[in-house]
Protein chains: 2
Amino acid sequence: MSLVFADRLKNVETSAIRELFKLLGTPGIISFAGGFPDPAMFDVEGIKQASSKALNEEAAGALQYGATEGYNPLREQLCAFMSSKPDSHIGAAVNLRPEELIVTTGSQQGLDLLGKTMISPGDKVIVEGPTFLATIQCFRLYGAELISAPVDANGVDTEALELLIAEHKPKFVYLIPTFGNPSGALLSLARRQKVLELALKYRTLIVEDDPYGDLYFGAAPPPSLLALSASVPGSREFLVYCGSLSKVLSPGLRIGWMVAPPQLLANATMCKQFSDAHTSTFAQATAAQYLKAGRMPATLQNVRTVYAERAAVMGAAITRELGDAVAFTQPEGGLFFWARLTGAGGKTVDAGAFAKKAITELVAFVPGAPFYAANPDLATFRLSFATADVAKIEEGVSRLARAL
Amino acid sequence: MSLVFADRLKNVETSAIRELFKLLGTPGIISFAGGFPDPAMFDVEGIKQASSKALNEEAAGALQYGATEGYNPLREQLCAFMSSKPDSHIGAAVNLRPEELIVTTGSQQGLDLLGKTMISPGDKVIVEGPTFLATIQCFRLYGAELISAPVDANGVDTEALELLIAEHKPKFVYLIPTFGNPSGALLSLARRQKVLELALKYRTLIVEDDPYGDLYFGAAPPPSLLALSASVPGSREFLVYCGSLSKVLSPGLRIGWMVAPPQLLANATMCKQFSDAHTSTFAQATAAQYLKAGRMPATLQNVRTVYAERAAVMGAAITRELGDAVAFTQPEGGLFFWARLTGAGGKTVDAGAFAKKAITELVAFVPGAPFYAANPDLATFRLSFATADVAKIEEGVSRLARAL
């Protein structure tokens, strides 16, 4: 039989990256491709204790249907987690109340609910160029027309962003201000301030996707837009914040959350009711017990230390092995190097061809083009330092040099 | 700020039932309203062992990102579960392979993915009248125009269904053939055969939603459409099957699955990738260990025994207390009585008014109207016997009599 599928499927191409990811099972390959945390860093013992405690103390809650908004003990713990950080990235200024957030099935579902709740076919949405690949596809499935705002090492160019907002009057602007994927960029404090002012000036919704904000290597990054909104009166009501436990605790729990203005949150909850009823209460109760047990600060410290070392090793190796053929900014946090082939020494500037060649040398990464909603820079590529240990990073970068 | 939401939100009304559900917290209330399993029946010990085993033996898999299609050990266990049942409801005839199903975040997500994958705004979908409330809202969010096919105690009227298929050429037909929600109806074997023949004749996709098929009280129900498709050559390629562990093991795990033709399954997987990336691998690994441990047959037996008793008690109480003012068919499985006010003795035939009166007598149930996509029968209502024990059922039905 030949089925006729929904028209919205025509808005997404089958990803070129999918083909590449199929090759990652090749024996001996070193992968810088995925944004997967290193499973060696999972606090298995802590999660085991949390899960046991949830089933011992609140089995009915952990195994029963739950509220679509989320399991209340977890909503409370997430507020405490966000408000009590030692740094100012989220900070006490937020003073978040449980009813201001809903739990989502990973932050990917936060994006999906934003699409479902906000986007009518033909609506414009501004994203960073480059931005998270699954955001592009997710919003396009709801019929969004994506506008791409340029990004440099200090994050989105706010002057260009203002012109785009004024021209396109977007439904919302989607940003990953802190250690962006794939850009690794950190939006400067001045630009953060400017973004909030733009939200107010143009009465435009801003979505802050923040899965990496806790993964800083040195000083804490500037306050999140959510925290900073306290200093730009009125801006908070134009702000959506998406958080996630995936990069800091475990992606397998699928625990994300979304902070949004009340009316948006209510509609997103209604949409979620018909998407998956609620996020696994078993996973939610486990995450709540984990946070309550107070293990998160040590877990975060461990993750930061390990990733900081890997980022340093990868940066040094790239400089040593690839020299001036590749330009990049050393990331101050997150999971990714964003790099660009310069063409120096007559080497290729086609990152797609480079990626294919690299596979034959048993090292994988993702070329940059698919991360652009428009006007891809074909010389760019993304390297993740999250999954491979330092020895593999050294060896992998040597292989990159051979491939280039 | 006043946000402009997506047009699709205009397709769903805020549910009248929501208001009713808010009253369920009233102290002393007996609720026949929800379709929640009784938490006293959760096999907490079994789930605890399964979860520990998953974290001890496969922590990396249980806590890491997983394939969008589902965690392979769970897909294998679900195939074994479906193929090895002692009765013929699913049966060995299906001979399901892991790659023929994807794991969904509850079967609610199966419905959502069907909507996302198949429905363009304006597409027609045939559902039963009455049908599952969240199905109506879920499909309408994707812009479906719902056509309602009449249902009696033997399930959907297949003669009427054929006329509707011929007239409306629907994108698909959505049925709950076994102990329907809210109808409690059991589609007869002859009608099951006919549904598969209609699928072939009109080349129409049929969706079999089957969360209750295991909850039979006496003899096993007729084979599922999926099992029966083996005897109607060619019909399998027009068939989607949605399963769930929510009613038999735990809703809190949010484990459902979908069996579908390959092209549909591939597109649903693509859509799921941007909905929630994958279902919690922590919950999936736990469910896989639970099924592998072989505890399911005893759990099912326990659930069947308890619900059978409650259904018998509720049926006898309704007959005794409400007499000829209420007409109903005694369900042979599932979670629900579907009843109708007859008006005998000059009593009300307005189930909405009856429900409001019942709340003042501290007993809650759901009036039938919202379960109809069109032409609601205002005299109908649904009683769940799943959550309250037999003493509460007796007392609750007495209160119903007082309210009437």
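How each quantity is defined
Residues numbered from 1 in each chain as written. Chains lettered and ligands numbered in written order. Predicted model: local features only at pLDDT ≥ 70, side-chain atom pairs only at ≥ 80, totals over all residues. Heavy atoms only, no water. UniProt positions renumbered as here; feature names shortened; annotations may be inferred. Helix = DSSP H or I, 4+ residues; strand = E, 2+ residues; numbered from the N terminus. Rg over C-alpha atoms; globule rule 2.2 N^0.38 Å. Buried < 20%, exposed > 50% of the residue type's maximum accessible area, 1.4 Å probe, protein only. Contact = heavy atoms within 4.5 Å. Areas by Shrake-Rupley, 256 points an atom, 1.4 Å probe, with all protein chains shown as cover. Lys, Arg positive; Asp, Glu negative; His and termini not counted. Salt bridge = Lys/Arg side-chain N within 4 Å of Asp/Glu carboxyl O. Pairing = 2+ DSSP bridges. Axes fitted to C-alpha atoms, helices over the stretch in contact; angles between N-to-C directions. Least-squares fit on C-alpha atoms with pLDDT ≥ 70 in both. Buried area = accessible area lost by both parts, 1.4 Å probe. Polar contact = N/O pair within 3.5 Å; in protein donor to acceptor, adjacent residues only side chain to side chain. Nonpolar A, V, L, I, M, F, W, Y, C, P; charged D, E, K, R; others polar.

Chain A is annotated in an unreviewed UniProt entry as 2-aminoadipate transaminase of Polaromonas vacuolata. What UniProt states about chain A under its Sequence similarities (unreviewed entry) heading is, verbatim, "Belongs to the class-I pyridoxal-phosphate-dependent aminotransferase family." Of chain A, the UniProt comment under Cofactor (unreviewed entry) reads exactly: "pyridoxal 5'-phosphate".

Participant: Would you take a moment to explain the overall build of chain A for this structure?
Facilitator: Broken down by element type, chain A carries 14 helices and 14 strands. Since a compact globule built from 404 residues should have a radius of gyration of about 22 Å, the 21 Å found for chain A is in line with a globular shape. Expressed along its principal axes, the backbone C-alpha trace of chain A runs to roughly 60 × 60 × 50 Å. By residue count, 64% of the 404 residues in chain A fall in the buried class. Sequence separation of at least 24 residues holds for 74% of the intrachain contacts in chain A that already meet a minimum separation of 6. For chain A, the computed accessible surface area is about 13700 Å², with 54% contributed by carbon and sulfur atoms.

Participant: How should I be thinking about the side chain of Arg192(B) in this particular structure?
Facilitator: Mapped onto the elements of the fold, Arg192(B) is located in helix H7 (residues 189-202). There is no salt bridge for the buried Arg192(B), and the closest opposite charge comes from Glu208(B), which lies 4.3 Å off by N-O distance.

Participant: Just to check I follow, could you spell out the sheet that holds strand S3 (residues 124-129) of chain A for this structure?
Facilitator: Within a sheet, each strand pairs with its neighbour through backbone hydrogen bonds, oriented either parallel or antiparallel. Residue and element names in this part refer to chain A. Taken together, the eight strands give an open sheet; going across it, the order is S2-S9-S8-S7-S6-S3-S4-S5, and neighbouring strands pair in mixed fashion. Looking at which strands have only one partner, the edges of the open sheet turn out to be strand S2 (101-105) and strand S5 (155-156). The strands that helix H8 (residues 189-202) touches are strand S4 (145-152), S5, strand S6 (172-175), strand S7 (205-209) and strand S8 (239-244); relative to S7, the one it contacts most, it runs at about 145°.

Participant: Please clarify how the relation of the copies chain B and chain A should be interpreted in this entry.
Facilitator: For the pair of chain copies, the relating transformation is a rotation about an axis with a translation along it. For the pair chain B and chain A, the best superposition has an RMSD of 0.0 Å and corresponds to a rotation of 180° with a translation of 0.0 Å parallel to the axis. Both copies are brought into coincidence by an operation consistent with a two-fold rotation axis. Taken as a fraction of all interface residues of chain B, those also at the interface in chain A reach 100%, which identifies the copy contact as same-surface.

Participant: Could you clarify how one ought to interpret the interface of chain B and chain A in this entry?
Facilitator: Much of the literature gives interface size as the accessible area that the parts lose upon coming together. Taken together, the contact pairs 72 residues of chain B with 72 residues of chain A. Both faces combined, the contact of chain B with chain A buries some 6300 Å², and carbon together with sulfur accounts for 63% of it. The interface formed by chain B and chain A includes two salt bridges. Remark: the boundary between chain B and chain A carries 39 residue pairs in polar contact (both at pLDDT 80 or more). Elements represented by at least two residues in the side of chain B that touches chain A include exactly helix H2 (44-63), helix H4 (106-118), helix H5 (133-141), helix H9 (262-275) and helix H10 (281-292) of chain B. Looking at which element gives the most residues to the side of chain B that touches chain A, the answer is H2(B), with 10 residues. When grouped by side-chain class, the residues that make up the side of chain B that touches chain A number 37 nonpolar, 23 polar and 12 charged.

Participant: What is the right way to read the environment of Ala80(B) from this model?
Facilitator: Residue and element names in this part refer to chain B. Note on placement: Ala80 falls in helix H3 (residues 72-83). A relative accessible area of 39% means that Ala80 is categorised as partly exposed. Sequence separation of Ala80 and Val44 is 36 residues, and the distance between their C-alpha atoms is 22 Å.

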